[in-house]
Amino acid sequence: MATLHHSLLAAAALLPLAPCVAMAETAPQQGTLSYKYLDYQDRQPGEDRVGIKAHAVALTVPLHESWSFDANAVTDAVSGASPRYHTQRLTPLEDRRNALGVGLTRYFARGSLNVGGNYSKEADYLSRSLSTTLTWFTDEGKNTALIAGAGVTRDEIDPTNGIVAGERKAVYEVLAGVTQVLTPADIAQVIVRHVRGKGYYSDPYKAWDERPRERNASTLLLRWNHHLEATDASVRTSYRFYTDSFGLRAHTLGLEFEQPLGAGWTVTPLLRLYSQNAASFYVPYNPGPTGQTFPEPGARYYTQDQRLSAFGAVTVGLKLAWEVNPAWSIDAKFEAYRQRGDWALQGRGDPGLAPFDARSVQLGVTHRF
Amino acid sequence: MRSTGCLRARSRWFVLACALLAGCSGLAPVQPWEKGVLARPSMTFDADRLDSAYVEHTYSSKEGASGGAGVGGGGCGCN
């Protein structure tokens, strides 16, 4: 049985860290070194699909008074099977990916400037990116921070099945936002991000997959963190609206409730709700005598990728963390994910797709020095 | 290809963001000595960056939408 290198899934499963837009006021006082292991498995009824085992390390080091350096490295191994079309013809795959990211941050009296880069390599996919993020406090009390960021990513795609060769993709993105301290117990953030991408977006390992060579997207992200004095808990709520030129519209709602338990322990149950409509060129399951579904005659773009169909998804999870002492902490997180076509809020799910489930476990340790 | 509807939607978001900012300027400023709780890692955004990275890119490989909180971070051929 042929083994396909489904690097596109491998690349998707784990990517280097993007510069975060948290509201850091000053350079970190301590360095941190974190390690985290991921064990992920997804499946459809009667069949395991993709499994991922990943190791990631992140380092942050303060440099002098106004600088900090951060680096991260990731290696992941992907194995299992992936559908050739819809949820049919599961085909074995395996791949390994290695990635490295570095960043430098300069802290000023009223803000910070971060510059970073990432490099990711696997058998058939190379990705390089550069980005910069500026945070600027508009008031001396540092209650309002403006955020601006820009990034460019250039990918090279050479699938091992030879369907295409020497393909490329360039993605440019900008974001703007504001972080606002509302009360001593509330902080909120609004971020708008625009992306323009040109190049190869099709999946060469899927049958009947021809996507536009341009994908422009916009997102609106709203986040609110609230301290609940009654139980000393931190309640984190987020909403994201996504839209792109593939005709995709998606809503994401997240809720996390981090509850201290005493003696350095915290428990965080979480819930995530997601819904998307189908891409404009998604071809629903409608097999002919051969068992395959064919695009409409003359269609310029088409895909039978489950990920571009209409569906809703729910994630429930639990994270447990323990600050052993001021220098060490450990954490464990479990998440269960379920995706169903008939849970879509917008559009109509494809009844020909098998239900999709996933579970993931994360185990981590952090050292502060 | 951009649609007129998409451009109108973006304009509405920008106005929404400005309105939120304008509304916030009327709040009583929080003093530095009142920010003890806000300084906790649990009250920051993306305190556990490795967790956030794993989660975001796992979802972007299984769903159509991606991104939102930052820029850069590398490419993804999943969608």
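Residues numbered from 1 in each chain as written. Chains lettered and ligands numbered in written order. Predicted model: local features only at pLDDT ≥ 70, side-chain atom pairs only at ≥ 80, totals over all residues. Heavy atoms only, no water.

Q: Any chance you could break down the overall build of chain B for me, citing the residues and the numbers?
A: Of regular secondary structure, chain B possesses two helices and zero strands. A total of 79 residues make up chain B; the buried ones form 49% of that total. (Helix = DSSP H or I, 4+ residues; strand = E, 2+ residues; numbered from the N terminus. Buried < 20%, exposed > 50% of the residue type's maximum accessible area, 1.4 Å probe, protein only.)

Q: How would you explain the overall build of chain A if you had to name every residue and give the values?
A: Regarding its fold elements, chain A presents one helix and 16 strands. For chain A, the C-alpha radius of gyration of 22 Å lies close to 21 Å, the compact-globule estimate for 369 residues. The dimensions of chain A, computed from C-alpha atoms along their principal axes, are 70 × 40 × 35 Å. Going through the 369 residues of chain A one by one, you find that 53% of them count as buried. As displayed, chain A has an accessible area near 15800 Å², and 61% of this comes from carbon and sulfur atoms. The average position of the 37 basic charges and that of the 37 acidic charges among the side chains of chain A differ by 3 Å. (Rg over C-alpha atoms; globule rule 2.2 N^0.38 Å. Areas by Shrake-Rupley, 256 points an atom, 1.4 Å probe, with all protein chains shown as cover. Lys, Arg positive; Asp, Glu negative; His and termini not counted. Charge placed at Lys NZ, Arg CZ, Asp CG, Glu CD.)

Q: Summarise the nonpolar core; cite the residues concerned and give the values.
A: A general tendency of soluble globular proteins is for nonpolar side chains to be buried together. Tyr40(A), Ile52(A), Tyr242(A), Tyr274(A), Ala279(A) and Tyr337(A) are the most contacted members of the largest nonpolar core, which totals 32 residues. Breaking this core down by element, the ones donating at least two residues are strand S1 (32–44), strand S2 (47–63), strand S3 (67–85), strand S14 (311–325) and strand S16 (356–368) of chain A together with helix H2 (49–62) of chain B. At five residues, S2(A) tops the list of elements feeding residues into this core. Look past the residues within four positions of Tyr337(A) in its chain and what remains in contact with it is Arg272(A), Phe311(A), Ala313(A), Val314(A), Thr315(A), Phe356(A), Asp357(A), Ala358(A), Tyr59(B) and Glu63(B). If you look at the next biggest cluster of nonpolar residues, it comprises seven residues, including Val30(B), Leu38(B), Met43(B) and Phe45(B). (Core = buried A, V, L, I, M, F, W, Y, C linked by side-chain atoms within 4.5 Å. Contact = heavy atoms within 4.5 Å.)

Q: How would you summarise the packing of aromatic side chains if you had to cite specific residues and measurements?
A: Taken as a whole, this structure holds ten aromatic pairs over all chains when the rule is applied. Note on Phe246(A) and Phe281(A): the rings are 5.0 Å apart at their centroids and 80° apart in plane angle, and the pair reads as edge-to-face. Of the two residues, Phe246(A) sits in the loop between strand S11 (233–244) and strand S12 (249–262) while Phe281(A) sits in the loop between strand S13 (265–276) and S14, which places them 35 residues apart along the sequence. Each of the two residues, Phe246(A) as well as Phe281(A), counts as buried. A cation sits over an aromatic face here: Arg272(A) above Tyr59(B), 3.4 Å from the ring centre. For the cation-ring pair, Arg340(A) lies above Trp343(A), with the distance from its terminal atom to the ring centre recorded as 5.8 Å. (Phe/Tyr/Trp six-rings, centres within 6.5 Å; stacked < 30°, edge-to-face > 60°. Lys NZ or Arg CZ within 6 Å of the ring centre and 35° of its normal.)

Q: I'd love a proper account of a nonpolar patch on the surface, names of residues and values included.
A: Residues and elements named next belong to chain A. A grouping of Phe108, Leu113, Val115, Leu134, Trp136 and Leu146 is seen on the molecular surface, where their side chains present a nonpolar patch of about 480 Å² in accessible area. The set of elements that each furnish at least two residues to the nonpolar patch consists of strand S5 (111–122) and strand S6 (125–137). Assignment of secondary structure puts valine 115 in strand S5. The class for valine 115 is partly exposed, based on a relative accessible area of 44%. (Patch = residues over 30% accessible without salt bridge, like charges linked within 9 Å, V, L, I, M, F, W, Y side chains within 5 Å. Salt bridge = Lys/Arg side-chain N within 4 Å of Asp/Glu carboxyl O.)

Q: How would you summarise H2(B) if you had to cite specific residues and measurements?
A: Residue and element names in this part refer to chain B. For H2, with 14 residues, the first-to-last C-alpha span of 20 Å sits near the 20 Å given by 1.5 Å per residue. Counting buried positions along H2 yields eleven of 14 residues, so the element is predominantly enclosed. Restricting attention to buried positions, one finds in H2 the residues Leu50, Asp51, Ala53, Tyr54, Val55, His57, Thr58, Tyr59, Ser60, Ser61 and Lys62. (Expected span 1.5 Å × (residues − 1).)

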